[in-house]
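# Architecture and fold: a report
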Amino acid sequence: KINPNLQLSVNVDLDILHNESFLTWLIYYIDESRLPKFSFGVEVTENSKYSIHQDHNKSIFDILHRHKINVYMDDFAMGHTSIVFLQNSAFDYVKLDGSLVRNLKNERCENIIKSIVSLGHSLNFDVIAEFVENKEQKEKLENLPELKRQIDDYRKRMYEIQNTENPDELFDEVDRLEEEGASFR
């Protein structure tokens with residue numbers, strides 16, 4: 001049975017989504033899967049050529065949304081034209097570039113993140129923070145009430161394992177994680 005809270009996404013270059021055969025194949029397999037609606041998404045990297053096919057991008061995103069597929073902008077704030085992409089595209093989620101989260105000690109980075117979260121609220125997209133790797137980052141991000149943070153499941157478990165009070169349990173937990181990972185191969 002599939003966990004109804006499962007969220008799965010894959011990085012896809014925007015050029016590939018412009019390939020009608022690929023788009024048809026993707027939609028077919030997602031529609032035929034037993035995944036809950038809107039539990040699957042495509043992450044379009046900011047480096048993709050958004051501006052070249054703006055109208056076509058919008059229609060592709062509309063098609064994905066009709067088939068209950070989320071659209072993510074990955075690595076937001078990495079390039080110099082991020083805001084333009086948001087202006088012309090309907091993303092469901094914007095994933096902050098990890099460099100912003102890693103530099104949360106810097107007040108300017110924190111203010112940039114707050115501004116992006118506010119922008120997301122205004123433009124109707126959720127913001128996800130990648131690379132939340134320590135308690136300090138987690139606590140700072142939790143103080144941003146509208147921010148949905150994404151803690152990579154593996155990193156989260158590894159953080160919990162590293163901070164366990166009983167070191168004897170570490171080996172059992174690592175073995176369990178390896179077995180679980182092998183089942184996906």
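Reading the values: rules and limits
- Residues numbered from 1 in each chain as written.
- Predicted model: local features only at pLDDT ≥ 70, side-chain atom pairs only at ≥ 80, totals over all residues.
- Heavy atoms only, no water.
- Helix = DSSP H or I, 4+ residues; strand = E, 2+ residues; numbered from the N terminus.
- Core = buried A, V, L, I, M, F, W, Y, C linked by side-chain atoms within 4.5 Å.
- Buried < 20%, exposed > 50% of the residue type's maximum accessible area, 1.4 Å probe, protein only.
- Contact = heavy atoms within 4.5 Å.
- 1 Å grid on protein atoms, 1.4 Å probe; cavity = no way out; pocket = protein on both sides within 12 Å on 5 of 7 lines; lining within 4 Å.
- Points joined across faces, edges and corners; volume = space filled by probe spheres on them.
- Salt bridge = Lys/Arg side-chain N within 4 Å of Asp/Glu carboxyl O.

### Things to note about unusual backbone geometry
Unlike most non-glycine residues, K68 shows phi in positive territory, near 60°. Tracing the chain through its elements places K68 in the loop between helix 3 (54-66) and strand 3 (70-76).

### What to know about the nonpolar core
Among the nonpolar cores identified, the biggest contains 36 residues, and L17, V42, F61, L64 and L96 are the most heavily contacted of them. If we skip the residues at most four places from it in the chain, L96 touches F76, I113, I116, V127, I128, A129 and E130.

### A short note on empty space enclosed by the protein
Applying the stated rule across the entire model yields two cavities of 30 Å³ or more. Estimates place the volume of the largest cavity at around 50 Å³. Lining the largest cavity are I30, D31, S33, L35, P36, K37, F38, S39, F40, H67 and K68.

### Re the pattern of salt bridges
Under the definition given, this model contains four salt bridges. For E130, the salt bridge identified is with K95, shortest N-O distance 3.0 Å. One end of the pair, E130, is in the loop between strand 5 (126-129) and helix 7 (135-142); the other, K95, is in strand 4 (residues 93-96), and 35 residues separate them in sequence. Summarising the burial analysis for this pair, E130 and K95 share the class buried. For K114, the salt bridge is made with E110, and the minimal N-O distance between the two is 3.6 Å. Highlighted residues: K114 and E110, both in helix 6 (residues 107-123), separated by four residues, approximately one helical turn. We classify K114 as partly exposed; its relative accessible area is 38%. With a relative accessible area of 19%, E110 lands in the buried category. Beyond isolated ion pairs, a larger network of salt bridges with shared partners links E43, K95 and E130.

### Notes on the environment of G98
Here G98 lies in helix 5 (residues 98-102). Sequence separation of G98 and D75 is 23 residues, and the distance between their C-alpha atoms is 7.2 Å. Ignoring sequence-local partners within four residues, the contact set of G98 consists of E130 and F131.

The values reported here are purely geometric and, on their own, carry no functional implication.
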